[in-house]
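# Close look at the chain arrangement
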Amino acid sequence: NYEYSIDNKEFDQNNIEDFSNITFNSCIFNKIDFNDIKLLNVEFVDCIFNNCDLSNKSFENAGIHRVIFNNSKLIGVSFSEVNLKNVMFNNCNLRYSNFYDVNVDNLLFSECTLEESYITECHFKNIDFDKLIKMLSFLPRYNRLDNFFL
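Residues numbered from 1 in each chain as written. Predicted model: local features only at pLDDT ≥ 70, side-chain atom pairs only at ≥ 80, totals over all residues. Heavy atoms only, no water.

## Quick notes on the pairing of strand 10 (residues 83-90)
Rule in force here: A pair of strands is labelled paired if DSSP reports no fewer than 2 bridges between them. Comment: elements are numbered from the N terminus, with helices defined as DSSP H or I runs of at least four residues and strands as E runs of at least two.
Here strand 9 (residues 63-70) runs beside strand 10; their pairing, made up of seven bridges, is parallel. Note that in strand 10 the partner of Asn-70 across the bridge is Asn-90. The sheet contact formed by strand 10 and strand 12 (residues 103-110) spans seven bridges and is parallel. Its bridge partner being in strand 12, Val-87 is matched across the sheet by Leu-107.

## What about the pattern of salt bridges?
Note the cut-off: Whenever Lys or Arg places a side-chain nitrogen within 4 Å of a carboxyl oxygen from Asp or Glu, that contact is recorded as a salt bridge. Accessibility here uses a 1.4 Å probe with only protein chains present; expressed as a share of the type maximum, an area under 20% marks a residue as buried, one over 50% as exposed, and anything in between as partly exposed.
In total, this model carries three salt bridges according to the counting rule given. Notably, a salt bridge pairs Arg-66 with Asp-46, separated by 2.7 Å at the nearest N-O pair. Here Arg-66, found in strand 9, pairs with Asp-46, found in the loop between strand 7 (43-45) and strand 8 (48-50); they are 20 residues apart in sequence, far enough to count as distant. A salt bridge links Arg-95 to Glu-116, with the shortest nitrogen-to-oxygen separation between them at 3.6 Å. You can see Arg-95 sitting in the loop between strand 10 and strand 11 (98-100) and its partner Glu-116 sitting in the loop between strand 12 and strand 13 (118-120), a full 21 residues away along the chain. Residue Arg-95 is classed as partly exposed on the basis of its relative accessible area of 25%. Overlapping salt bridges, with partners in common, bring together Arg-95, Glu-115 and Glu-116 in one network.

If you want it as structure tokens, here you go:
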């Protein structure tokens, strides 16, 4: 339940604020440090994050659909109970990230670091770990894997 939406806007560190109950449609986020920015009950659709720092952010109650993260830092990010659909992580650092009870459909990790990330009780469909820099460890018996590629 999102209160309003922001469409076709480009953001940088100078025009960013706390966001709650918002849907972002076709937005671009460039070189933003999200450390002091609240992201509560947000949805990102057809968005691009370039060179952003989202470390230690929680995406609970978020929707992330058709989103690209380029050269971004997502250390310790929590994607718990999030639906990730058609998402690409390109050259991103996702160390210590939490993927608990996540539904994933069409996800690509290209040249990413996922070292020591927590991935459990997830349903993966069409996931591709292309040129993973540091391989993550998880137990397949706790995850449902469909069309899984390494």
